Amino acid sequence: MSKIKTVIVGANHAGIAAANTLLDNYPDQEVVMIDRNTNLSYLGCGTALWVGRQIESYENLFYTNKEAFEAKGAKIYMETTVERIDFDKKIVCCKKHDGTELTESYDKLILATGSAPINPDIPGRNLKNVEFLKLFQDGQTVDAAMAKAEVKTVAVIGAGYIGVEIAEAAKRRGKNVLLFDAAERCLPNYYDKWFTEDMDKVLADNGIDLHYNELAKEYKGSDHVETLVTDKGEYAVDLVINAIGFRPNNGLGKDHLELFTNGAYLVDLHQQTSDPDVYAVGDCSTIFSNAVQQTTYIALATNAVRSGIVAAHNVGGTALESIGVQGSNGISIFGYHMVSTGLTVQESEKLGLKVKHTEFEDLQKPGFMKENNSVKIRIVYEEESRRIVGAQMASYEDISMGIHMFSLAIEEKVTIDKLKLLDIFFLPHFNQPYNYITMAALSAE
């Protein structure tokens, strides 16, 4: 039986999921994996935990290796850069780190090229100690810088998830930390102000100096960075960590494949691009949002894994459509947990979606229980259809599992009214007899 050859460019979460799916389910597949890094399967979401010494080592942040794929029969090239792809002849042209050139033909191609940090073109950006956080090596560099006694003040540019997490990590390492963002608050893409004002208080109470509505303009220094210049002032700093965001890595296919508005490869529900023999997965590709009911871009590791699985099954011959995503996510900073899924009120309004919201705040458990904290919840629903399009929750309690119900609710187009008399159990060890989910739903207009 002749084998079908699939080349996967990128051994990140999406590429690994695609490779494992093909190797585990389709014996007629010849799988070739190509990645320019020295390692694969690094859980970047654990970088701040390691840098902040909340975990002892980075070793367990790798969940597989090259040998595991070779044992399954894959051919894998590490430290190999794909220079170009001849889509007409279906040939991938590569160069190894030692300069050796090679080519690989393909029947099917899966692009898992991920995303790259946004690097604003401002003066001084090439100074030493101006760093990014994406790869394992970036984490190593930042960790080594934190270990130096002369690095006393750290500026973090960008108050999204990565920025807030690495700001906490730097503070845990005993540094003076300044957190900057051009927006008026932290985490604006995932939470409404009712939630982020609490997170800002958590950050400030733990000694992080917040600088919002402030734009970085220049880095100064003779060799390494010494001064950060913004549109509002100058600050003496020893280390700058850029966490502004990411853009899709589309260099290999942008002149051949149809692109989304932000440059991501436009894919259908099978993860297939405008070239029927080419699939794109993970951060380099689009995804379907069930909240918005249209194609969008949401760069999350969980989405990457799902997209890799979907693409691989279609490549392997099993027709499978993505069920879409809600963009479910969470963060925990100094013990304060926030989780969300779908759309915020602010994001809904930006998209022209007419929504209402209902919210509630109460203790997690009855007042007579010890170790009891307040919980905030907001549910966002479409005004006309009343379908739930988003939810946010926050507490020092671990309320993370609750958001999964709302994720499914968005996927299944559940209305806010369905939650009003939802069968939610009560036991003082866990919750209140009048549960905050039910109470929020009952108070909906």
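These numbers were taken from a predicted model, which means no experiment stands behind them.

Enquirer: Just to check I follow, could you spell out the UniProt feature "domain: Pyridine nucleotide-disulphide oxidoreductase dimerisation" (unreviewed entry) in the protein for this structure?
Expert: Using the residue numbers shown here, the UniProt feature "domain: Pyridine nucleotide-disulphide oxidoreductase dimerisation" (unreviewed entry) corresponds to residues 336-431. The span residues 336-431 shows a helical share of 17% and a strand share of 34%, and its end C-alpha atoms are spaced 18 Å apart.

Enquirer: Explain helix α1 (residues 13-25) to me, please; I cannot follow it from the model alone.
Expert: The periodicity of an α-helix, 3.6 residues per turn, causes residues three or four positions apart to be oriented the same way. The end-to-end C-alpha distance of α1, which contains 13 residues, comes to 18 Å, matching closely the 18 Å that a straight helix rising 1.5 Å per residue would cover. When you tally the buried positions in α1, you get 10 out of 13 residues, the bulk of the element. The complete set of buried residues in α1 reads H13, A14, G15, I16, A17, A18, A19, T21, L22 and L23. Against the buried residues of α1 lie β1 (4-9), β2 (29-34), α3 (66-71), β7 (108-111) and α7 (301-316).

Enquirer: When you look at the pattern of salt bridges in this model, what are you seeing that I'm missing?
Expert: Side-chain pairing between opposite charges can occur once the charged atoms of the two side chains come close. Within the structure shown, the criterion is met by 21 salt bridges. Across the pair K201 and D205 runs a salt bridge, and its minimum N-O distance is 2.7 Å. Pair noted here: K201 and D205 are both in helix α6 (residues 193-205), with a separation of four residues, about one helical turn. Using a relative accessible area of 53% as the deciding quantity, one classes D205 as exposed. Via salt bridges that share partners, K5, K75 and E104 belong to a single interconnected network.

Enquirer: Looking at this structure, I do not really get the packing of α1 against α7. What am I missing?
Expert: The description of two packed helices rests on the angle between their axes and on the distance between the axes. The geometry of α1 relative to α7 is characterised by a closest axis approach of 7 Å and an angle of 35° between their N-to-C directions. By crossing handedness, the relation of α1 to α7 is classed as right-handed. Along the contact surface, α1 presents H13, A14, A17, A18, T21, L22 and N25, while α7 presents A301, A304, V305, S307, G308, I309, A312, H313, V315 and G316. Here the residues of the contact of α1 with α7 sort into 10 nonpolar, seven polar and no charged.

Enquirer: Which parts of the structure should I look at to understand the pairing of strand β21 (residues 329-333)?
Expert: Along a regular strand, successive side chains alternate from one face of the sheet to the other. Burial along β21 is one-sided: N329, I331 and I333 are buried, and none of G330 and S332, which face the opposite way, are. Note: β21 against strand β22 (residues 336-342), five bridges, orientation antiparallel. Bridge assignment links I331 to a residue of β22, and that residue is M338.

Enquirer: Can you help me understand the layout of surface pockets in this one?
Expert: Left-over empty space is what a probe sized like a water molecule reveals as it rolls over the atoms. In this structure, the second largest pocket occupies an estimated 280 Å³ of space. Residue lining of the second largest pocket: 13 residues in total, with I424, F425, N431, N435 and I437 positioned closest to the centre. Listed by contribution, the elements that provide at least two residues to the lining of the second largest pocket are α9 (402-411) and α10 (436-442). Partitioned by chemical class, the residues of the lining of the second largest pocket number eight nonpolar, four polar and one charged.

Enquirer: Got a minute to help me understand empty space enclosed by the protein in this structure?
Expert: Tallying each qualifying case throughout the model produces two cavities of 30 Å³ or more. Quantified by volume, the largest cavity comes out at close to 50 Å³. Around the largest cavity sit G282, D283, S285, T286, I287, Y297, I298, A299, L300, N303, A304 and S307, which together line it. The biggest single contributor to the lining of the largest cavity is α7, with three residues. Its residues assigned to classes, the lining of the largest cavity shows six nonpolar, five polar and one charged.

Enquirer: Would you mind going over the nonpolar core with me for this structure?
Expert: One broad trend across soluble globular proteins is that nonpolar side chains are buried collectively. In terms of nonpolar packing, the biggest core is built from 40 residues, with V164, L179, L187, M199, I331 and M338 touching the most fellow members. Tallying contributions element by element places helix α5 (residues 161-172) first for this core, with six residues. Counting only domains with at least three residues in this core, you end up with domain 1 (4-115 + 247-316) and domain 2 (119-244). Ranked by size, the runner-up nonpolar core spans 28 residues in total, among them V339, L343, V389 and A391.

Enquirer: So what exactly am I meant to see when it comes to helix α4 (residues 136-146) here?
Expert: Turning to α4, its buried residues are F136, G139, V142, D143, A145 and M146. Buried-residue contacts for α4 involve α2 (47-51), β9 (130-132), β10 (153-157), α5 and β16 (239-242).

Enquirer: Sorry if this is basic, but what is going on with a nonpolar patch on the surface here?
Expert: Taken together, the side chains of F425, L427 and F430 make up a nonpolar region of the molecular surface, amounting to roughly 310 Å² of accessible area. By secondary structure assignment, the location of L427 is in the loop between α9 and α10.

Enquirer: What should I look at first to understand the UniProt feature "domain: FAD/NAD(P)-binding" (unreviewed entry) in the protein in this one?
Expert: As recorded in UniProt, the sites labelled "domain: FAD/NAD(P)-binding" (unreviewed entry) are residues 5-308. With 22% helix and 28% strand, residues 5-308 has end C-alpha atoms that lie 17 Å from one another.

Enquirer: Teacher, can you tell me more about the domain arrangement of the protein here?
Expert: Interface size is commonly expressed as the accessible area that is lost once the parts come together. Domain boundaries assigned for the protein yield domain 1 (4-115 + 247-316), domain 2 (119-244) and domain 3 (337-443). For domain 1 versus domain 3, the separation of C-alpha centres amounts to 35 Å. Across the domain 1/domain 3 interface, buried area totals approximately 490 Å², and carbon plus sulfur atoms make up 60% of it. The largest share of the area that domain 1 buries against domain 3 comes from N290, A291 and V292, three residues that together contribute 79% of it. The tally of links between domain 1 and domain 3 comes to zero salt bridges. Between the two partners, domain 1 and domain 3, sit two residue pairs in polar contact (both at pLDDT 80 or more).

Enquirer: Explain the packing of aromatic side chains to me, please; I cannot follow it from the model alone.
Expert: Each aromatic ring pair is described using two quantities: the centre-to-centre distance and the angle formed by the ring planes. Under the defined criterion, the tally for this structure stands at 12 aromatic pairs. Ring centres 5.2 Å apart and planes at 80° place the aromatic pair W194 and F195 in the edge-to-face group. F195 carries the same exposure label as W194, and that label is buried. In textbook terms, an aromatic cluster arises when at least three aromatic residues are bridged by ring pairs, as seen for Y42, W50, Y58, F62 and F136. Here the guanidinium or amino end of K134 rests over the ring plane of F246, the centre of that ring lying 4.8 Å away.

Enquirer: How should I be thinking about unusual backbone geometry in this particular structure?
Expert: Peptide bonds are mostly trans, and most non-glycine residues show a negative phi. Phi is positive for S41, which is not a glycine, with a value near 70°. By the element assignment, S41 lies in the loop between β2 and α2. For S41, a relative accessible area of 2% gives the class buried. For K413, which is not a glycine, the phi torsion comes out positive at approximately 60°.

Quick notes on the rules
- Residues numbered from 1 in each chain as written.
- Predicted model: local features only at pLDDT ≥ 70, side-chain atom pairs only at ≥ 80, totals over all residues.
- Heavy atoms only, no water.
- UniProt positions renumbered as here; feature names shortened; annotations may be inferred.
- Helix = DSSP H or I, 4+ residues; strand = E, 2+ residues; numbered from the N terminus.
- Expected span 1.5 Å × (residues − 1).
- Buried < 20%, exposed > 50% of the residue type's maximum accessible area, 1.4 Å probe, protein only.
- Contact = heavy atoms within 4.5 Å.
- Salt bridge = Lys/Arg side-chain N within 4 Å of Asp/Glu carboxyl O.
- Axes fitted to C-alpha atoms, helices over the stretch in contact; angles between N-to-C directions.
- Left-handed = near helix turned anticlockwise from the far one by under 90°.
- Nonpolar A, V, L, I, M, F, W, Y, C, P; charged D, E, K, R; others polar.
- Pairing = 2+ DSSP bridges.
- 1 Å grid on protein atoms, 1.4 Å probe; cavity = no way out; pocket = protein on both sides within 12 Å on 5 of 7 lines; lining within 4 Å.
- Points joined across faces, edges and corners; volume = space filled by probe spheres on them.
- Core = buried A, V, L, I, M, F, W, Y, C linked by side-chain atoms within 4.5 Å.
- Domains from an automatic or database assignment.
- Patch = residues over 30% accessible without salt bridge, like charges linked within 9 Å, V, L, I, M, F, W, Y side chains within 5 Å.
- Areas by Shrake-Rupley, 256 points an atom, 1.4 Å probe, with all protein chains shown as cover.
- Buried area = accessible area lost by both parts, 1.4 Å probe.
- Polar contact = N/O pair within 3.5 Å; in protein donor to acceptor, adjacent residues only side chain to side chain.
- Phe/Tyr/Trp six-rings, centres within 6.5 Å; stacked < 30°, edge-to-face > 60°.
- Lys NZ or Arg CZ within 6 Å of the ring centre and 35° of its normal.

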